[in-house]
Structure formats: structure tokens, C-alpha cells
Amino acid sequence: MSQPPTCGARRRLLHLPVAAAAAAASAGARAQAWPSRPIRVVVGFPPGNTLDVVSRLMAEALRTRLGQPLLIENKPGANGVIAASDVIRAPADGHTLLATNSSGMTVNPQLYRRLGYQMGDCAPVAMIVSAPLIVMVNPAAERTAGVRSLGDLMAMARARPGDVRFGSAGQGNITQLSFDMITHHAGVRATTVAYKGTAAAQAGLLGQEVDAAIDTPLAVPLVRAGRLRAHAGTGAERGRGLEAVQREEESDVTGFDVGFWLAWMAHAQTPPAVLAALQSAVGALREDAALMRRLAAPGLPGFGDPQAFAA
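Treat the numbers as computed from the prediction; the structure is a model and nothing was measured.

## Observations regarding the overall build of the protein
Moving on, step 1. Secondary structure summary: the protein contains 11 helices and 10 strands in total.
Moving on, step 2. Taking the contacts inside the protein whose residues are at least 6 apart along the sequence as the reference set, 75% of them involve residues at least 24 apart.
Moving on, step 3. When the accessible surface of the protein is totalled, it reaches about 14300 Å², and 55% of it is carbon and sulfur.

Have a look at this one:
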């Protein structure tokens, strides 16, 4: 037969609800006070990258909404691993956010045996871009002046095994893996040149260091200006501003559908009220007409629903 609690034990039991209520009140107060200082947004790729450009536009738009500056901090390296690891080590209070992409969150766990983080260590704030990638060449380059389609590019690679140079945004990046998939399906061999981000790869293509590259819709203005020529989108849908460009499935290279996404994430242990406030603030940017116009110029889509992204 169990013994009734002692007087001291009864006092401790009576104090438990009070302690729980105090903890809940404290958490609520912290959430109401957020943000109490500038917010760091750690970007896992170099300045000029699509993720960097979009994050800076978002930070500018959110400053007045949140009453605190959002400081963009570029920490490139290891395909986004350095930035993600930094955010995971930071306090889970909503004052350190991660700007990342599908390479950093979904590709890395498949490539690295000792990564130091998993997707479950981060809580989704919002998917800010989801789009196909674009296969491009430089029309001013003598080697690719006659390339008018993805099929032409693959024929060139077939005639010159290993000689065609392709610029990627880094080893293990989705741009590199996508082009490897294209050459694999076409049965050809090309040489990958790994740059530090898409902006550097784009500069390499413009400078005729490489014959082709896969880029994001941020390259749309260069395509419209005739400085680059787009031949195929790697997704099932066309990128905005590239309606006349073939989808991969319409070329003679078929069998896969690859897109990319960009997102902001927080530490998984961020208080729910703070995370909800973050999601609400970022989601409200869909109603910011000036921001949406700036994103539309390079053909980038808008913000996705955070719940759908989390799912």
C-alpha cells in the first residue's frame, strides 16, 4: 500500500503547477519581446548568389516590420555546411536565422558521412523561391556560338569527350549534380569546373572560361540582354521570363526533373511563439508589392506557404 506524501512532498507538488505557469509566462514574455536586438541572417553562399540577393531584399523589407535590422552574414563553404553549423550552435531564440537552399539541406545529408547537422535540426520559416534551373551557354564564345539547343551541346560533348567544360556552383552543389545527370542520361563525358557559387560560375561563363553552366532565374536579365543563351530548364515547369525556352523533357535529353529551392530556417528549438511570429512576418512579404516587383524582374517566384514547406 503506498504511503501518502509527506508534508514537504505535498509542498513540492503544490509548487509544480506554479513553476510550470511561471515558465510558460516567461516563455510568453520572451516571445513578446522578440526581436529585442538585431537579427543575424547567416547565408551559406557568397555575395551575389541568388540566395544572397533575395535574402538582402527580404532583410530590407522586414526591417520596418520587425523594428530591428536584419544583418546579412555570408559564411560560404562546404556547400552550405559552415553556415548551417553556425546557426545550429547559436542560441535558439530567433535572433539567428539560416538562409539556405536545397543543396545545403537535402543534398548534403546524402553526400557527407559526418555532416554535423540534419534537416531536423532546423525549423522551416518559409520557402522563398522554388524554380527550375537553366542550362546556358555564352553566344559570344566561338566554341558555343553554333549551339542552339541542349541537344547541340550534348552533340558537342559527344564529339569532344571530356573537352567540354561546365561551370558549377561548387562540388556537390545541385548545379553540378544536375549537369552530371544530364551528361549521364545523354551518355557523354564533360569536365566540371567548380566555382564558389553561382555568381562566380556565371562570371566564368561570361568570361569564356567554361562552355556551359547551369544557373538560376537570376540570370534571366542576361538572357534577355542577349549576353547568355538559355537552352533548357531542368524542371517540369518553365522559369518566369523563359517561356520560349525548352523544358528538359522537350529536348533529346529526358528522364529527370530537377529544381531548386531557397529558404529561411531557424533553430529547431526556437520557441513556438517566436517561430510563428517569424513565419507571419516573412509570409506577409507576399503583400509587399515593391518587393514582389523586384523579385519578378529576374524571374524569381514569390513566397511559399510555410506549412506546405514544412510538410
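## So, the pairing of strand 6 (residues 165-168)
Moving on, step 1. For strand 6 and strand 7 (residues 191-194), the ladder comprises four bridges, and the chain directions are parallel. Paired with Ser168 across the two strands is Ala194, which belongs to strand 7.
Moving on, step 2. Read from strand 6 through helix 6 (residues 174-186) to strand 7, the crossover connection turns out right-handed.

## Let's talk about the sheet that holds strand 3 (residues 96-101)
Moving on, step 1. Reading across from one edge, 2-1-3-10-4 is the order of the five strands in this open sheet, with mixed pairing throughout. Edge strands, defined here as strands with exactly one partner in the open sheet, are strand 2 (70-74) and strand 4 (122-132). On average, adjacent strands in this sheet sit at an angle of 20 degrees to one another, irrespective of strand direction.
Moving on, step 2. Strand contacts of helix 9 (residues 272-283): strand 3, strand 4 and strand 10 (259-267), with the helix running at about 25 degrees to strand 4, the strand carrying the most contacts.

## What about the nonpolar core?
Moving on, step 1. Formed by 68 residues in total, the largest nonpolar core has its most connected members in Leu153 and Trp264.
Moving on, step 2. In contact with Leu153, other than residues within four places in its own chain, are Val135, Val137, Val147, Phe179 and Ala212.

## Some words on the pairing of strand 10
Moving on, step 1. When you tally the buried positions in strand 10, you get eight out of nine residues, the bulk of the element.
Moving on, step 2. Pairing analysis gives nine bridges linking strand 4 to strand 10, with the strands arranged antiparallel. When the sheet's bridge partners are listed, Cys122 is paired in strand 10 with His267.

## Remarks on unusual backbone geometry
Moving on, step 1. Trp34 connects to Pro35 through a cis peptide bond whose omega is -5 degrees.
Moving on, step 2. Along the chain, the position of Pro35 falls in the loop between helix 1 (7-33) and strand 1 (39-43).
Moving on, step 3. The backbone phi angle of Ala78 is positive, close to 55 degrees, even though this residue is not glycine.
Moving on, step 4. Looking at where Ala78 falls in the secondary structure, it is placed in the loop between strand 2 and helix 3 (81-89).

## Considerations on the side chain of Asn108
Moving on, step 1. Within the element layout of this structure, Asn108 appears in helix 4 (residues 102-111).
Moving on, step 2. Among the polar contacts made by the side chain of Asn108, one reaches the main-chain carbonyl oxygen of Asn79 at a distance of 2.9 Å.
Moving on, step 3. Not counting the four nearest positions on each side in its chain, Asn108 is found in contact with Ala78, Asn79, Gly80, Val81, Ser103, Leu115 and Tyr117.

## Topic: helix 6
Moving on, step 1. The end-to-end C-alpha distance of helix 6, which contains 13 residues, comes to 18 Å, matching closely the 18 Å that a straight helix rising 1.5 Å per residue would cover.
Moving on, step 2. Within helix 6 the residues assigned to the buried category are Ile174, Thr175, Gln176, Ser178, Phe179, Ile182, Thr183 and Ala186.
Moving on, step 3. In the stretch just after helix 6, Gly187 is the one whose phi turns positive, near 70 degrees.

## What about the packing of aromatic side chains?
Moving on, step 1. Evaluation of the coordinates by the stated rule reveals two aromatic pairs.
Moving on, step 2. A ring pair is formed by Phe166 and Phe179, whose centres lie 3.8 Å apart and whose planes are at 5 degrees; its orientation type is stacked. Note that Phe166 is positioned in strand 6 and Phe179 in helix 6, a separation of 13 residues in sequence. Accessibility classification places Phe166 together with Phe179 in one group, the buried group.
Moving on, step 3. Consider the rings of Trp261 and Phe309, whose centres lie 5.2 Å apart with planes at 70 degrees: the pair is edge-to-face. Here Trp261, found in strand 10, pairs with Phe309, found in helix 11 (residues 306-310); they are 48 residues apart in sequence, far enough to count as distant. Here Trp261 matches Phe309 in class, with each residue buried.

## So, the pattern of salt bridges
Moving on, step 1. Enumeration according to the criterion identifies nine salt bridges in this entry.
Moving on, step 2. Residue Lys75 pairs with Asp86 through a salt bridge whose shortest N-O separation is 2.8 Å. Of the two residues, Lys75 sits in the loop between strand 2 and helix 3 while Asp86 sits in helix 3, which places them 11 residues apart along the sequence.
Moving on, step 3. The buried category is assigned to Asp86, whose relative accessible area is 12%.

Procedures and definitions
Residues numbered from 1 in each chain as written. Predicted model: local features only at pLDDT ≥ 70, side-chain atom pairs only at ≥ 80, totals over all residues. Heavy atoms only, no water. Helix = DSSP H or I, 4+ residues; strand = E, 2+ residues; numbered from the N terminus. Contact = heavy atoms within 4.5 Å. Areas by Shrake-Rupley, 256 points an atom, 1.4 Å probe, with all protein chains shown as cover. Pairing = 2+ DSSP bridges. Right-handed = clockwise from strand over helix to strand, strands pointing away. Axes fitted to C-alpha atoms, helices over the stretch in contact; angles between N-to-C directions. Core = buried A, V, L, I, M, F, W, Y, C linked by side-chain atoms within 4.5 Å. Buried < 20%, exposed > 50% of the residue type's maximum accessible area, 1.4 Å probe, protein only. Polar contact = N/O pair within 3.5 Å; in protein donor to acceptor, adjacent residues only side chain to side chain. Expected span 1.5 Å × (residues − 1). Phe/Tyr/Trp six-rings, centres within 6.5 Å; stacked < 30°, edge-to-face > 60°. Salt bridge = Lys/Arg side-chain N within 4 Å of Asp/Glu carboxyl O.

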